[in-house]
Amino acid sequence: MAASPPPAQSAQGSPERLRVAIGCGVGATIETYDFIGFGTAAALYFGDVFFPDSDPLSATLLSFATLGIGFAARPLGGIIAGHLGDRVGRKPVLVGSLLLMGVATVLIGCLPTYQMVGVWAPVLLVAVRVVQGLAFGAEWGGAILMTFEHAPWRRRGLYTGITQAGFPVGLLLANLAFLISRHTLDDTWAWRVPFLLSAVLIAVGIFIRLKIDESPQFEELKEAGDVAKNPLWEVVREDWRGVLRAFCLRIAETAGYAVSVTFVLSYLNDDQAPDVSSGVSLTALVTAAALGIAATTCWGLLSDRVGRRPVYLLGCTVTLLWGVPLFLLVNTATAALVLVAFVISYAICQNSLAGVQGAWFCELFATRTRTAGTSLAYQLSAVVSGFTPMIATALYSAVGWTGPALLFSFYGLLGLVAALLTRETWDATERRQADAAAQTAAGTAVPAAQLR
């Protein structure tokens, strides 16, 4: 059950609220650049580079399986980070996860290929991908919690939306890097350079995160001696239903992305699919990601105005209805329609859900177990989304494009049902109370009628 904000989180938030949101967003940008860049490389390069002895379909499946392994490792990263975040603090988790991700990503750019070392190449790729998964699993809970707990009560959706917008920024930068490298470098370096460039971003991100103060709500818990001794066990024992609901809500967004972006990129790169160049598909994705930066923040702001659930219901409904039209558009092989397909899939279907998750998920859990609860739900769903491109590829080989299309719609249906079964944490009464608190903090009298 969501609690009202403690005194440390005033109606106006902490003095560092905007700097924390941007700082966490920058870190999210870097981690997404690293993690999502792997997905782009898996769709475009890794089948040939690490699994050349397989036939093209098997190589794609193996490449996506490696992608999925990273997602499978994310729950463990989320569990570790959730425990440490609720026991030690949010800030150490933020810095540690970013450093670990940076080392793993640079190592990917240095890996030998199958032609160089044979079977050791995919083995090393899997090992480094597991480290990436652990780091990314630790990232989200810490970043969102820091932002949420520094934010003004009335603008939690907006501020967590700013941090969530770091993910489309990372997506944009990763695909820009691959788009440029694909047209300026040979195949030997085209996939390596984007990973090596991550070293510069990591240094910037570590510097920014070291400047951020610890969450005021966590500091209050420590002073009160109310820090959970075993936050993971506590949240599973007392609020497993909340974890399950958040898990299903998250699947609609992350697994939907895995079909509409990761799989579709590979689909358009397939010899049997529509004749769409990688330049066209990457340009469409870059455009969608650029729009998604503003879209994610705006969806979060909208949830501050109308509530979390209405926005989520809208996004899931569009996802449910969009599966078949998505593939009908990309099957035309027309650049403009491919662009429309990516924009709707990302800026509407995915961003509408991602923009709300930061605030809604945090409000579903108590402060003392908030990192454990949100991280567990968020990262367990990553297992499903991580193997979704492989599942979509298998469905495509069995029944054609209708298989992935219906899979995408199914994820929308799952999210829709979960949203209907999850309580609204930011209803009209909560919004009026927050408005009254903001006016009181500003020294303005609050009409009694507003509090009813």
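Numbering of residues starts from 1 in each chain and follows the order in which that chain's sequence is written. Since the coordinates come from a predicted model, pLDDT governs what is reported: local features require at least 70, and pairs of side-chain atoms require 80 or more to be given and counted, while whole-chain, interface and lining totals use all residues. By convention in this description, side-chain values take in all heavy atoms of the structure and omit both hydrogens and water.

Draft legend 1. Region of interest: the overall build of the protein chain. Each helix is a run of DSSP H or I of at least 4 residues and each strand a run of E of at least 2, with the numbering of both proceeding from the N terminus. Tallying secondary structure elements over the protein chain gives 18 helices and zero strands in all. Only the C-alpha atoms count toward the radius of gyration. The rule for a globule is 2.2 Å times the residue count to the power 0.38. In terms of overall size, the protein chain behaves like a compact globule, its C-alpha atoms giving a radius of gyration of 21 Å where 452 residues would be expected to give roughly 22 Å. The principal-axis extent of the C-alpha atoms belonging to the protein chain is close to 70 × 40 × 40 Å. When accessible area is computed with a 1.4 Å probe and restricted to protein chains, residues below 20% of their type maximum are described as buried, those above 50% as exposed, and intermediate ones as partly exposed. Here the protein chain holds 452 residues, and 58% of them are scored as buried. What makes two residues a contact is simply this: any of their non-hydrogen atoms within 4.5 Å. When contacts within the protein chain are restricted to residue pairs at least 6 apart in sequence, long-range pairs at least 24 apart make up 86% of them.

Draft legend 2. Spatial organisation of the nonpolar core. Put simply, buried Ala, Val, Leu, Ile, Met, Phe, Trp, Tyr and Cys residues joined by side-chain atoms within 4.5 Å make one nonpolar core. Formed by 57 residues in total, the largest nonpolar core has its most connected members in F46, F50 and F342. Beyond its immediate sequence surroundings of up to four residues, F342 is in contact with S260, V261, V264, L265, L268, S281, A284, L285, A288 and A347. M101, I144, C248 and A347 belong to the second largest nonpolar core, which has 35 residues in total.

Draft legend 3. Representation of the pattern of salt bridges within the structure. Here, a salt bridge means any side-chain nitrogen of Lys or Arg that lies within 4 Å of a carboxyl oxygen of Asp or Glu. A full pass over the atoms with the stated rule returns nine salt bridges. Between E234 and R368 there is a salt bridge; the shortest N-O distance is 2.6 Å. Of this pair, E234 sits in helix α12 (residues 231-268) while R368 is found in the loop between α15 (335-363) and α16 (370-399), placing the two residues 134 residues apart along the sequence. The partly exposed category is assigned to R368, whose relative accessible area is 22%. Residue R308 is joined to E363 by a salt bridge in which the shortest nitrogen-to-oxygen separation is 2.8 Å. One end of the pair, R308, is in helix α14 (residues 308-330); the other, E363, is in helix α15, with 55 residues separating them in the sequence. For the pair R308 and E363, a shared accessibility class is recorded, and that class is buried.

Draft legend 4. Fine view of a nonpolar patch on the surface. Only residues whose relative accessible area exceeds 30% and that take part in no salt bridge are eligible for patches, with like-charged residues grouped when within 9 Å of each other and nonpolar side chains (Val, Leu, Ile, Met, Phe, Trp, Tyr) grouped when within 5 Å. All accessibility values rest on the Shrake-Rupley procedure with a 1.4 Å probe; residue burial counts only the protein chains present in the view. Taken together, the side chains of M116, V117, V119, W120, V123 and L124 present a nonpolar region at the surface, about 580 Å² in accessible area. Per element, the largest residue contribution to the nonpolar patch is three residues, and it comes from helix α5 (residues 120-150). By secondary structure assignment, the location of V117 is in helix α4 (residues 114-117). Assessed through its relative accessible area of 36%, V117 is described here as partly exposed.

Draft legend 5. Region of interest: the confidence of the model for the protein chain. The score called pLDDT rates the predictor's confidence residue by residue, from a low of 0 to a high of 100. Averaged over all residues, the pLDDT of the protein chain is 84; the fraction at 70 or higher stands at 91%. Note on residues 448-452: pLDDT under 50 across the span, and six contacts to partners over four residues away in sequence or across chains.

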